[in-house]
Amino acid sequence: MENNNISIKAVEASELPFLLELSRDTFVRNYGHLNDPLYFQQYLDKAFNLPQFEAEWEDPLSLFYWTMVNGEYAGYCKLMREAQVKGLEEAGSQVLEIQRIYVDDRFQKLGLGKLMLQKAQEIAQESNYQWIWLGVWENNHKAIAWYQSQGFEAFGEHTFWMGEDPQRDWLMRKKV
């Protein structure tokens, strides 16, 4: 894609059904083949439905942003302000969690993940937060390497439930 006009904009309520569709499709393509189908479906049913997305969007601490390429929805990020976590207790609520950075396959390799990460850093700086943190599946080696290349370091782990399947996420952080 040449001459890309790339932008970031806040997700609007009317866009939630499409956000759900893009999110679910991206999640299935990236993780469906790596998980037990039963547990994967349990997680999809719980986490990727319109009432769940509406509740997350309405949470005053949640932030959702689209990345747009030439006017097309290319991906999004979900951030959670004041998301306290074990290992960053000294920062209290002065932390920002990156809960999702999803990019549609058609728009990979355009630097959209980095652009969304920069947006998260801007929000953290404007809010005087001390840390940005995230959880990443221990088997997602590509993402772990990418976050490390962006200055994140591992500082702990937690259990992520894929349905009834307990999986381990690495907790990674970056000083603001």
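Higher on the page you've got the structure.
Residues numbered from 1 in each chain as written. Predicted model: local features only at pLDDT ≥ 70, side-chain atom pairs only at ≥ 80, totals over all residues. Heavy atoms only, no water.

Let us look at the sheet that holds strand β1 (residues 6-10). Strands sit in the order β1-β2-β3-β4-β5-β7-β6 across an open sheet of 7 strands; the sheet is mixed. The open sheet has two edge strands with one neighbour each: β1 and β6 (153-162). Between one strand axis and the next, the sheet turns by 30° as a mean value, whatever way the strands run. Here strand β5 (residues 131-137) runs beside strand β7 (residues 165-175); their pairing, made up of 7 bridges, is antiparallel. Paired with W137 across the two strands is D169, which belongs to β7. Taken strand by strand, helix α1 (residues 16-31) contacts β2 (62-69), β3 (72-81), β4 (95-103), β5 and β6, and its axis lies near 90° from that of β3. (Pairing = 2+ DSSP bridges. Helix = DSSP H or I, 4+ residues; strand = E, 2+ residues; numbered from the N terminus. Axes fitted to C-alpha atoms, helices over the stretch in contact; angles between N-to-C directions. Contact = heavy atoms within 4.5 Å.)

Further remarks concern helix α4 (residues 112-126). Given 3.6 residues per turn, any residue in an α-helix points the same way as the ones three and four places further on. A rise of 1.5 Å per residue sets the reference length of α4, with its 15 residues, at 21 Å; its end C-alpha atoms lie 21 Å apart and thus fit the reference within 8%. Contacts from the buried residues of α4 go to β1, β2, β3, β4, β5 and α5 (141-149). Backbone geometry just downstream of α4 places N128 in the positive-phi region, at approximately 60°. (Expected span 1.5 Å × (residues − 1).)

Here β2 lies mainly inside the structure; 8 of its 8 residues are buried. Every second residue of β2 is oriented toward a common face, with S62, F64, W66 and M68 on one face and L63, Y65, T67 and V69 on the other, all of them buried. As judged from the 8 bridges shared by β2 and β3, these two strands associate in the antiparallel manner. Paired with V69 across the strands is E72, a residue of β3. Linking β2 to β3, which pair antiparallel, is a turn of 2 residues; within it N70 sits at a positive phi near 50°. (Buried < 20%, exposed > 50% of the residue type's maximum accessible area, 1.4 Å probe, protein only.)

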